[in-house]
Each structure stands twice: as structure tokens, then as C-alpha cells.
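Chain by chain, the residues run as shown.
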Amino acid sequence: MMTVTSIMRVQQIWLARLNETLAPFELTFARYEALMLLYLSRTGALPLGKIGARLQVHPTSVTNLIDGLEKLGYAERTPHPEDRRTTLAAITARGRDVASAATDALNQSRFGTEPLRPGELRALTDVLTRARREAGDFV
């Protein structure tokens, strides 16, 4: 129980730090993740279903994330060019600028992971990756 409680509490601490860093961009970490999926995609657009699968969230959560990004002018919904049943979320030029600036801010804050050192973070990632792999979290 100590391990699980520690992991859950650190997740809360880090998430609060990330959200604080992202606040000037009007982003939460969840919105940042969705924005970065679009930013890093080949075409700058992804089907809403694919966003949900990659973020491992319910379709309702994807709708809310994209609604928020649209209101900020960071993304827009567009029809799929070949499949009328599919809606794409596409990053805007403003969204690209914000994604880049937000990433710079997160990198400067070391993604809120202080006081851990790089070697400790690598070791922690290795342990957690093993647990995730055993649970089938990686395809």
C-alpha cells in the first residue's frame, strides 16, 4: 500500500505542477497532451477516435478536450476528406505556436519532476514501464 499511495500522491503533485506551468497558456495537462498529439502528427490532424485511443480516454473526454482547444483557437474540427462518418481535429497555427511555447515552459520546469535527478527518473521510468508492459499497456 505504501508504494501505491506514494505513486498516486506524486502523480497528484506532478499534475498540479504541470497545470500551474500550463496555466498561462490556458491549458491543462490533458489539453496539452491532446494538443501535442495533433502537433506531432504527420498532417496536424487526427480522427477523434484515434485521439481517444492514443490518450486512452472515453469519447466524451475527447469531445470535451477538443471543445476546449477549439474555444481557445488552438484546434478546429474538420470533416475527414475520405470518410464522411469521421471528424478530424486539426491543430491551428495558433495551436502550433502555443504547443511549442508550452513545451518550452514544461522543459524549463523539468516537467515538474524536481528534486529527482535524471538517473532517478530513468530508473523510475524503467520500473513503471515494466509494470505497464506486464499489464498490456503497450501494443
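Residues numbered from 1 in each chain as written. Predicted model: local features only at pLDDT ≥ 70, side-chain atom pairs only at ≥ 80, totals over all residues. Heavy atoms only, no water.

This paragraph deals with the overall build of the protein chain. Tallying secondary structure elements over the protein chain gives 6 helices and 3 strands in all. Written out in order from the N terminus, the α and β elements of the protein chain read α-α-β-α-α-β-β-α-α. The dimensions of the protein chain, computed from C-alpha atoms along their principal axes, are 50 × 35 × 25 Å. When burial is assessed residue by residue, the protein chain has 31% of its 139 residues classed as buried. Partitioning the contacts of the protein chain with sequence separation of at least 6, the portion at a separation of at least 24 is 53%. A total accessible area of about 9,400 Å² is found for the protein chain, and carbon and sulfur atoms account for 56% of it. (Helix = DSSP H or I, 4+ residues; strand = E, 2+ residues; numbered from the N terminus. Buried < 20%, exposed > 50% of the residue type's maximum accessible area, 1.4 Å probe, protein only. Contact = heavy atoms within 4.5 Å. Areas by Shrake-Rupley, 256 points an atom, 1.4 Å probe, with all protein chains shown as cover.)

The subject of this paragraph is the confidence of the model for the protein chain. For the protein chain, per-residue confidence averages 95 on the pLDDT scale, and residues scoring 70 or more make up 99% of the total. Mean pLDDT across the elements of the protein chain ranges from a minimum in helix H3 (residues 48-55), with 94, to a maximum in helix H5 (residues 93-108), with 98. (pLDDT = per-residue confidence, 0-100.)

Its 17 residues give helix H6 (residues 118-134) an end-to-end C-alpha distance of 24 Å, which sits within 8% of 24 Å, the value for a rise of 1.5 Å per residue. Gly136 lies just past H6 and shows a positive phi near 80°. (Expected span 1.5 Å × (residues − 1).)

As a general feature of sheets, a regular strand has side chains that alternate between the two faces. The element strand S3 (residues 87-91) is largely enclosed, with a buried count of 4 among its 5 residues. With 3 bridges connecting them, strand S1 (residues 45-47) and S3 associate as antiparallel partners. Paired with Ala45 across the two strands is Ala90, which belongs to S3. Direction of pairing for strand S2 (residues 75-79) relative to S3: antiparallel, over a ladder of 5 bridges. If you follow Thr78 over to S3, its bridge partner there is Leu88. (Pairing = 2+ DSSP bridges.)

Tallied over the entire structure, the rule returns 6 salt bridges. Arg85 is the partner of Asp83 in a salt bridge, and the nearest nitrogen-oxygen pair spans 3.0 Å. When salt bridges with common partners are traced through the structure, they connect Asp67, Glu70 and Arg77 into a single cluster. (Salt bridge = Lys/Arg side-chain N within 4 Å of Asp/Glu carboxyl O.)

What follows is about the nonpolar core. In terms of nonpolar packing, the biggest core is built from 28 residues, with Leu22, Leu27, Tyr32, Leu35, Ile51 and Leu69 touching the most fellow members. When contributions to this core are tallied by element, the ones reaching two or more residues are helix H1 (2-22), helix H2 (29-40), H3, helix H4 (59-72), S3 and H5. The element that contributes the greatest number of residues to this core is H2, accounting for 6 residues. Excluding anything up to four places from it in sequence, Leu22 contacts Leu27, Thr28, Phe29, Tyr32, Ala102 and Leu106. (Core = buried A, V, L, I, M, F, W, Y, C linked by side-chain atoms within 4.5 Å.)

This brings us to the environment of Leu46. Residue position: Leu46 is located in strand S1. Taking the C-alpha atoms as reference points, Leu46 and Ala89, separated by 43 residues in sequence, lie 5.6 Å from one another.

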